[in-house]
Amino acid sequence: MTEMANGEELRLQQLVNGDLPLMEVTPTVTIEPNNIPKYIAKRSRLMSPVARQAVIRKNGDCNMTYSNLKKRRSRYLQDLYTTLVDVQWRWTLLVFFLGFIISWLCFAFVWFMIIKVHGDDHDLVGHTPCVHNVQTFTASFLFSIETQHTIGYGSRFTTEECPEAVFLMCIQSITGVILQAFMVGVVFAKLTRPKQRTNTILFSRNACICLRDSKLCVMFRVGDMRKSFIIGASVRAQVLRKRTTEEGEEIPYHQYDVKVGNDDESENLFFIWPMTIVHAIGENSPFFNMSAVDLMNEKFELVVYLEGTTESTGNTMQARYSYQPSDILWGHRFENLIYFDKASDNYIVDFREFNKTREIPTPLCSARDLEEFKRQSTDPLLCYTPSNSDQIVCLEPEMLSTQETQAGN
């Protein structure tokens, strides 16, 4: 039993140090560098992951549509203001123009009816009209616009002859004020939406997994193109992944909370320049049992979002981004992009380095195996990093087993 325990400890140490391959390879199997099969991955991308559609697109929008929703239109019309703010600009402008034109035409028709009933459409000696210089529908339309927007050119005006004309003038004036306030509010709300502010929030194209303070960590970078601060900035993350309950129920998109933050794992950020957000992989992390190969075989989505209040407008904003297994680089860390320029006496943020990463020594095992190794051994941790001359980093186990069987036959 002691020999078996020592053997397992030795194997675990070799696996962590990178001395032991992930699969036993038959020496007689050779692969030419120029004819590498598809099941062999190069460098730190261990294998091609299974494609999966993202729930959150790269621009932060949710990739979903609603179907079989009863009374959808009536519910949207009940909240017309929010509907007009959410729809695209062409529909908002269409409602904007139609609202004014229809109101002008409706009141113009009522004005023309008053004129016809009172007989103002004919020039009669000694006759006092309800509205001066209005005898046709075109003149009624022009007078409707002048009344609703208080233009008042001076040639058309109401008289005391018709009380209904005075009442209609009051109604149209009030209606015009309400319509203008509503439409101006919609346009202003669309122009100042927090969603527009998120267009200047940048997330790194890739996330990285590497050692930091002897712990495997998942890292990604977030930055802001504007100099105006985001007050009370905080960052959070969740993993969308299939989960099976003890009763056998499958939850296809279970949300696992992932604790992320700056170097001390605080969610609150002093967001004055691009920051590297860190998630230390611990026992409660969904990445705890994932090795480098397991990561690329998994189907999950890491959703990250930054929240805060914009300094210039005071609106609350949320910027979203997502990473799939193919977007996560194992054994990489981000390059530094901040330096001090003595000539200008300023700190310089070089966004050319924003997405750049560098390969560093990183164990290929999971965080769980790494902790087990630390408990069982006091030897220094030696890690393996592919160099530029390495053609093969890892072989996919299932395909490799098939290749070995064919070679043995």
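Residues numbered from 1 in each chain as written. Predicted model: local features only at pLDDT ≥ 70, side-chain atom pairs only at ≥ 80, totals over all residues. Heavy atoms only, no water.

Chemist: I keep staring at empty space enclosed by the protein and nothing clicks. Help me out?
Modeler: Scanning the model with the defined rule gives two cavities of 30 Å³ or more in all. Its boundaries defined by the atoms lining it, the second largest cavity holds a volume of some 40 Å³. Around the second largest cavity, the lining residues are V218, F220, A237, V258, V260, H279, F287 and L302. Of the residues contributing to the lining of the second largest cavity, the split by class is seven nonpolar, one polar and no charged. (1 Å grid on protein atoms, 1.4 Å probe; cavity = no way out; pocket = protein on both sides within 12 Å on 5 of 7 lines; lining within 4 Å. Points joined across faces, edges and corners; volume = space filled by probe spheres on them. Nonpolar A, V, L, I, M, F, W, Y, C, P; charged D, E, K, R; others polar.)

Chemist: Teacher, can you tell me more about the pairing of strand β7 (residues 275-280) here?
Modeler: When a strand is regular, its side chains alternate between the sheet's two faces. For β7, the buried fraction is high: five of the six residues fall into the buried class. Two elements, strand β4 (residues 215-224) and β7, share six bridges in a ladder whose sense is antiparallel. By the bridge assignment, F220 is partnered in β7 with I277. (Buried < 20%, exposed > 50% of the residue type's maximum accessible area, 1.4 Å probe, protein only. Helix = DSSP H or I, 4+ residues; strand = E, 2+ residues; numbered from the N terminus. Pairing = 2+ DSSP bridges.)

Chemist: Sorry, what's going on with helix α9 (residues 367-376) here?
Modeler: A turn of α-helix holds 3.6 residues, and therefore any two residues three or four places apart point the same way. Of all the positions in α9, only A367, L370 and F373 are classed as buried. Projected down its long axis, α9 shows its buried positions confined to an angular sector of 120 degrees, all on one face. (Arc of directions from axis to C-beta.)

Chemist: Explain the confidence of the model for the protein to me, please; I cannot follow it from the model alone.
Modeler: Atom-level detail of predicted coordinates should not be read off regions where pLDDT is low. Considering every residue of the protein, the mean pLDDT works out to 78; 79% of them sit at 70 or more. Long-range and interchain partners of residues 21-50, a stretch whose pLDDT sits below 50, account for 62 contacts in this model, where long-range means more than four residues apart. Across residues 384-409, where pLDDT falls below 50, the model places 49 contacts with residues more than four positions away in sequence or in other chains. (pLDDT = per-residue confidence, 0-100. Contact = heavy atoms within 4.5 Å.)

Chemist: Got a minute to help me understand the sheet that holds strand β6 (residues 250-258) in this structure?
Modeler: Strand pairing in a sheet takes place through backbone hydrogen bonds and is either antiparallel or parallel in direction. The strand order across the open sheet formed by four strands is β6-β5-β8-β9, and the pairing between neighbours is antiparallel. Each end of this open sheet is capped by a strand with a single partner; those strands are β6 and β9 (316-323). Sheet twist, expressed as the average angle between the axes of neighbouring strands with direction ignored, equals 25 degrees. Where strand β5 (residues 230-244) and β6 come together, seven bridges link them in antiparallel fashion. Residue pairing for β6: R241 is matched across the bridge by H254. (Axes fitted to C-alpha atoms, helices over the stretch in contact; angles between N-to-C directions.)

Chemist: Honestly, the packing of aromatic side chains in this entry has me stumped. Any pointers?
Modeler: Each aromatic ring pair is summarised here by two numbers: the centre-to-centre distance and the angle between the ring planes. One pass over the structure, following the stated rule, counts 14 aromatic pairs. Here the aromatic rings of F220 and Y323 are separated by 5.9 Å at their centres, their planes lie at 40 degrees, and the arrangement is tilted. With F220 in strand β4 and Y323 in strand β9, the pair connects residues that are 103 residues apart, well separated along the chain. On the basis of relative accessibility, which here comes to 2%, the residue F220 falls in the buried class. Here the aromatic residues F96, F97, F100, W104 and F141 are joined through ring pairs into a cluster of three or more. The ring of W89 carries the charged tip of K190 above its face, separated from the ring centre by 5.0 Å. (Phe/Tyr/Trp six-rings, centres within 6.5 Å; stacked < 30°, edge-to-face > 60°. Lys NZ or Arg CZ within 6 Å of the ring centre and 35° of its normal.)

Chemist: Even after reading the chapter, I still don't get the layout of surface pockets, so can you show me in this structure?
Modeler: Unfilled space is identified by rolling a water-sized probe across the atoms. A volume near 610 Å³ is recorded for the largest pocket. What lines the largest pocket is a set of 17 residues, and nearest its centre among them are D61, C62, M64, D86 and K195. Elements with a minimum of two residues in the lining of the largest pocket: α2 (72-78) and α7 (194-197). Tallied by class, the residues present in the lining of the largest pocket amount to six nonpolar, three polar and eight charged.

Chemist: Is there a simple way to explain the pattern of salt bridges in this structure?
Modeler: Two side chains that carry opposite charge are able to pair once their charged atoms sit near each other. One pass over the structure, following the stated rule, counts eight salt bridges. The partner of R241 in a salt bridge is E298, with the nearest N and O atoms 3.4 Å apart. Residue R241 is located in strand β5, and its partner E298 is located in the loop between α8 (292-297) and β8 (300-310); the two are separated by 57 residues in the primary sequence. Across the pair R352 and D350 runs a salt bridge, and its minimum N-O distance is 3.1 Å. (Salt bridge = Lys/Arg side-chain N within 4 Å of Asp/Glu carboxyl O.)

Chemist: Whenever I open this one, helix α6 (residues 163-191) confuses me. Can you help?
Modeler: In this model α6 runs 43 Å from its N-terminal to its C-terminal C-alpha over 29 residues, within 8% of the 42 Å that 1.5 Å per residue would give. Taken together, the buried positions of α6 are A165, L168, Q172, G176, L179, M183, V186, A189 and K190. On its buried face, α6 sits against α3 (80-86), α4 (89-118), α5 (137-148) and α7. (Expected span 1.5 Å × (residues − 1).)

Chemist: When you look at the nonpolar core in this model, what are you seeing that I'm missing?
Modeler: The nonpolar side chains of a soluble globular protein tend to be buried with one another. Grouped together as the largest cluster of nonpolar side chains are 40 residues, with contacts concentrated most on F203, L295 and L306. Of all the elements, β5 adds the most residues to this core, at five residues. When residues no more than four places from it in sequence are discounted, the contact partners of L306 are I201, F203, V222, I230, A233, S234, V235, L269, F271, M317, Q318 and A319. In this structure, W111, I114, V134 and C162 belong to the second largest nonpolar core, which totals 12 residues. (Core = buried A, V, L, I, M, F, W, Y, C linked by side-chain atoms within 4.5 Å.)

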